[in-house]
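The chain contents come next:
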Amino acid sequence: MQPVIMDADGMRRTLVRLSHEIEEKNEGLENVALVGVKRGGEVVARRLAAIIEGAGRGRVPCAGLDITMARDDLVSAFILPEAEKNELGFSLDGKTVVLCDDVLYTGRTVRAALSALASMGRARAVRLFTLIDRGHRELPFRADGVGKSVPTSRKERVVVHFTETDGTDSVELYKAGE
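Residues numbered from 1 in each chain as written. Predicted model: local features only at pLDDT ≥ 70, side-chain atom pairs only at ≥ 80, totals over all residues. Heavy atoms only, no water.

Participant: Help me out: how do you make sense of the sheet that holds strand S4 (residues 96-104) in this one?
Facilitator: By definition, the strands of a sheet pair up through backbone hydrogen bonds, in either a parallel or an antiparallel sense. Pairing within the open sheet is parallel, and its 5 strands lie in the order S3-S2-S4-S5-S6. With partners counted over all chains shown, the strands left at the sheet margins are strand S3 (62-65) and strand S6 (145-149), one partner each. Each strand of the sheet is rotated relative to its neighbour by a mean of 25 degrees, with strand direction disregarded. Both strand S5 (residues 125-133) and S6 contribute to a ladder of 4 bridges, which runs parallel. Note on S6: the bridge partner recorded for aspartate 133 is serine 149. Packing against the sheet, helix H2 (residues 40-54) makes contact with strand S2 (32-37), S3, S4 and S5, and its axis sits at approximately 150 degrees to S2. (Pairing = 2+ DSSP bridges. Helix = DSSP H or I, 4+ residues; strand = E, 2+ residues; numbered from the N terminus. Axes fitted to C-alpha atoms, helices over the stretch in contact; angles between N-to-C directions. Contact = heavy atoms within 4.5 Å.)

Written as structure tokens, this is what we have:
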């Protein structure tokens with residue numbers, strides 16, 4: 001059995017706390033938009049938006065962002081991966097974008113997300129919020145909001161399960177070979 005880093009109730013409480021941090025760090029929610037890195041980050045962003053709206057604190061624009069074509073590890077220009085066209089449904093111009101992801105690791109996903117965002121408009125600012133920060137940065141990024149910091153080795157994997165995609169909410173730590 002894998003060590004559970006966060007159960008469903010812990011995830012719910014963490015997301016509620018992060019929703020308040022977003023509001024506090026931006027001095028309100030006016031001109032704030034949530035953009036989640038597909039797949040897990042999109043679930044995080046949508047849940048944060050639902051928590052904010054459900055608490056009567058307002059409605060925040062929210063969308064998912066496909067970073068496939070902005071990654072720096074595409075193997076070949078001849079074999080293009082399947083990518084979705086990014087259409088957020090709102091303008092980024094002048095907004096503070098809260099970029100959401102489920103796990104922050106090397107920082108390469110953040111770099112790709114920033115590149116994809118930059119091609120879609122000029123945000124006033126971008127803030128990074130993540131459910132789990134596992135360390136091991138290869139690029140100089142730091143999250144503005146972290147649900148939980150989990151020290152890991154490079155041989156371990158952090159896996160986030162969401163009800164929307166896996167039927168359950170949990171965060172588990174897997175050792176190499178598991």
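Participant: Which parts of the structure should I look at to understand the environment of leucine 99?
Facilitator: Counting through the fold element by element, leucine 99 comes out in strand S4. In this structure, the C-alpha to C-alpha distance between leucine 99 and leucine 65, residues 34 residues apart in sequence, is 9.3 Å. Leucine 99 has contacts with Val35, Val37, Ala113, Leu117, Val126, Arg127, Leu128 and Phe129, leaving out every residue within four places of it along the chain.

Participant: Can you walk me through the packing of aromatic side chains in this structure?
Facilitator: Note on aromatic pairs: each is described by the distance of the centres and the angle between the planes. Considering all chains together, one arrives at 0 aromatic pairs under this definition. Here the basic side chain of arginine 134 rests over the ring of tyrosine 105, its NZ or CZ set 3.9 Å away from the ring centre. (Phe/Tyr/Trp six-rings, centres within 6.5 Å; stacked < 30°, edge-to-face > 60°. Lys NZ or Arg CZ within 6 Å of the ring centre and 35° of its normal.)

Participant: Any chance you could explain the state of the cysteines here in plain terms?
Facilitator: Disulfide: a covalent bond formed between the sulfur atoms of two cysteine residues. Under the criterion given, the structure shown has 0 disulfides. Looking at the unpaired cysteine 62, the closest cysteine sulfur is the one in cysteine 100, lying at 7.1 Å. Look at cysteine 62 and you get buried, because its relative accessible area is 19%. (Disulfide = S-S within 2.5 Å. Buried < 20%, exposed > 50% of the residue type's maximum accessible area, 1.4 Å probe, protein only.)

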